Amino acid sequence: GEGDTGDNWKLECVHREDAGNAQHRMWESTTLVRILHVDTKHWLSSSTKTKFNQSNCPNCPLQGELEVSGTNSNSDATMFRSDDGAYLRL
């Protein structure tokens, strides 16, 4: 389908060791990132307080996963690290 500006997100690298060294300018599993919704200026946020479990999601396939939401301020809850996937040169 057709997208709109509500589909736009900005990825911000939070910690990048050796960022000035071109050999180390990779997005790796240890890289912390924040994800900003461009239109609303809200950061993607998650917390273990919103973890799906048997009590709040009986027999559902999401158990163990975290719910995400948007927040207007940065915190530890707005930092993410990828554990799987393809990593890209920056």
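Sequence positions are assigned chain by chain, starting from 1 and proceeding in written order. Where local features are concerned, this predicted model is filtered to residues with pLDDT of at least 70; where side-chain atom pairs are given and counted, the filter is 80 or more; whole-chain, interface and lining totals use all residues. Hydrogen atoms and water are omitted, and side-chain values are computed over all heavy atoms in the structure.

## So, the overall build of the protein chain
Rules: What counts as a helix is a DSSP run of H or I of at least four residues, what counts as a strand is a run of E of at least two, and both are numbered from the N terminus. Residue burial is assigned from relative accessible area. The probe radius is 1.4 Å, only protein chains are included, and a residue is buried under 20% of its type maximum, exposed over 50%, and partly exposed in between. Residues are treated as being in contact if the distance between any of their heavy atoms lies within 4.5 Å. All accessibility values rest on the Shrake-Rupley procedure with a 1.4 Å probe; residue burial counts only the protein chains present in the view.
Per the secondary structure count, the protein chain includes 0 helices and 5 strands. Mapped from its N terminus to its C terminus, the protein chain presents α and β elements in the order β-β-β-β-β. Out of the 90 residues in the protein chain, the part that is buried amounts to 17%. Intrachain contacts of the protein chain at a sequence separation of at least 6 include 59% that bridge at least 24 residues. When the accessible area of the protein chain is evaluated, it comes to approximately 6800 Å², of which 48% is carbon and sulfur surface.

## Here we look at the confidence of the model for the protein chain
Threshold: Per-residue confidence from the predictor is reported as pLDDT, a score between 0 and 100.
For the protein chain, per-residue confidence averages 82 on the pLDDT scale, and 78% of positions sit at 70 or higher. Averaged pLDDT values for the elements of the protein chain fall to 83 in strand S1 (residues 9–15) and rise to 92 in strand S4 (residues 66–71).

## Here's the deal with the side chain of Arg 34
The residue Arg 34 is located in strand S2 (residues 32–37) in this model. Excluding residues within four positions of it along the chain, Arg 34 makes contact with Lys 10, Leu 11, Glu 12, Val 14, Trp 43, Asn 74, Ser 75, Thr 78 and Met 79.

## Overview of the environment of Thr 40
Selection rule: Here a polar contact is taken to be a pair of N or O atoms separated by no more than 3.5 Å, where protein atoms must pair a possible hydrogen donor with a possible acceptor and residues adjacent in sequence count only if both atoms sit in side chains.
Inspection of the secondary structure puts Thr 40 in the loop between S2 and strand S3 (43–51). Residue class for Thr 40 comes out partly exposed when judged on its relative accessible area of 43%. In the structure, Thr 40 is positioned 34 residues away from Gly 6 in sequence and 8.4 Å away in space, judged by C-alpha atoms. Looking at Thr 40, its side chain comes within polar contact range of the side chain of His 37, at 3.0 Å.

## Looking at the state of the cysteines
Note the following rule: Counting rule for disulfides: a pair of cysteine sulfur atoms within 2.5 Å.
In total, this model carries 1 disulfide according to the counting rule given. Disulfide pairing is shown between Cys 57 and Cys 60; the S-S distance is 1.8 Å. An S-S torsion of about 130° defines the bridge between Cys 57 and Cys 60 as right-handed. The exposure class of Cys 57 is buried, given its relative accessible area of 14%.

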